[in-house]
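# Topology and contacts: notes
Here is what each chain is made of, one letter per residue.
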Amino acid sequence: MPSSIQRKVDSDNDAFDLFTTNTNSKTFTIGVDDSDQTYKISTGSNIATNNALTISDTRAISLTGAAASSFSTSSGALTLQGAGGINIASSGVMTTVKG
């Protein structure tokens, strides 16, 4: 099957583009989940599940990694600023902040 892009509106009224790769037939979706009015980038063919990036209608952002992940810059500073503070947590392992 060749790589493809399909524009879809599903039975839940979600509007999204479905990308399928030729190699390994992997699928990714980008679009709007109508149930919670969010813009999402997901793995798989369902925009409502396996979300890697979610942006709400209030511009809240959620990044979700299902494996070890990295957030870095190759040049300049990486700034993390929160109006209500910054929470850093881990599940059952030590958290290290290097400076």
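Now for a description of the structure that goes with this document. (Residues numbered from 1 in each chain as written. Predicted model: local features only at pLDDT ≥ 70, side-chain atom pairs only at ≥ 80, totals over all residues. Heavy atoms only, no water.)

## Focus on the side chain of aspartate 14
- Its place among the elements puts aspartate 14 in the loop between β1 (4-9) and β2 (15-20).
- Buried charged residue aspartate 14 carries no salt bridge. Nearest counter-charge: lysine 40, at 7.6 Å.
- The contact partners of aspartate 14, leaving out residues within four places of it in the chain, are Lys8, Val9, Val32, Asp33, Asp34, Ser35 and Ile47. (Helix = DSSP H or I, 4+ residues; strand = E, 2+ residues; numbered from the N terminus. Buried < 20%, exposed > 50% of the residue type's maximum accessible area, 1.4 Å probe, protein only. Lys, Arg positive; Asp, Glu negative; His and termini not counted. Salt bridge = Lys/Arg side-chain N within 4 Å of Asp/Glu carboxyl O. Contact = heavy atoms within 4.5 Å.)

## Considerations on a nonpolar patch on the surface
- Judged by side-chain polarity, Ile61, Leu63, Phe71 and Leu78 come together as a nonpolar surface patch covering roughly 490 Å² of accessible area.
- Assignment of secondary structure puts phenylalanine 71 in the segment after β6 (61-63). (Patch = residues over 30% accessible without salt bridge, like charges linked within 9 Å, V, L, I, M, F, W, Y side chains within 5 Å. Areas by Shrake-Rupley, 256 points an atom, 1.4 Å probe, with all protein chains shown as cover.)

## Here's the deal with the pattern of salt bridges
- Tallied over the full model, the rule gives 3 salt bridges.
- Where aspartate 17 meets arginine 7, a salt bridge forms, and the shortest distance between an N and an O atom there is 2.7 Å. Of this pair, aspartate 17 sits in strand β2 while arginine 7 sits in strand β1, and the two are 10 residues apart along the sequence.
- Note on aspartate 17: relative accessible area 16%, which makes it buried.
- The salt bridge partner of lysine 40 is aspartate 33, with a shortest N-O separation of 2.8 Å. For the pair shown, lysine 40 and aspartate 33 are each scored as buried.
- Salt bridges here are not isolated pairs; linked through shared partners, they connect Asp33, Asp36 and Lys40.

## Section: the sheet that holds β2
- Taking strand neighbours across the sheet as the criterion, the 6 strands line up as β1-β2-β3-β4-β5-β6 in an open arrangement whose pairing is antiparallel. Every interior strand has two partners, whereas the edge strands, β1 and β6, have only one. Ignoring strand direction, the axes of neighbouring strands in this sheet form an average angle of 10°.
- Here β2 runs beside strand β3 (residues 27-33); their pairing, made up of 6 bridges, is antiparallel. Directly across from phenylalanine 16, in β3, lies its bridge partner glycine 31. (Pairing = 2+ DSSP bridges. Axes fitted to C-alpha atoms, helices over the stretch in contact; angles between N-to-C directions.)

## With respect to the pairing of β2
- With 6 bridges joining them, β1 and β2 adopt antiparallel strand pairing. Looking at β2, one finds that isoleucine 5 is bridged to phenylalanine 19.
- Counted between consecutive antiparallel strands, the loop separating β1 from β2 contains 5 residues, among which asparagine 13 sits at a positive phi close to 70°.

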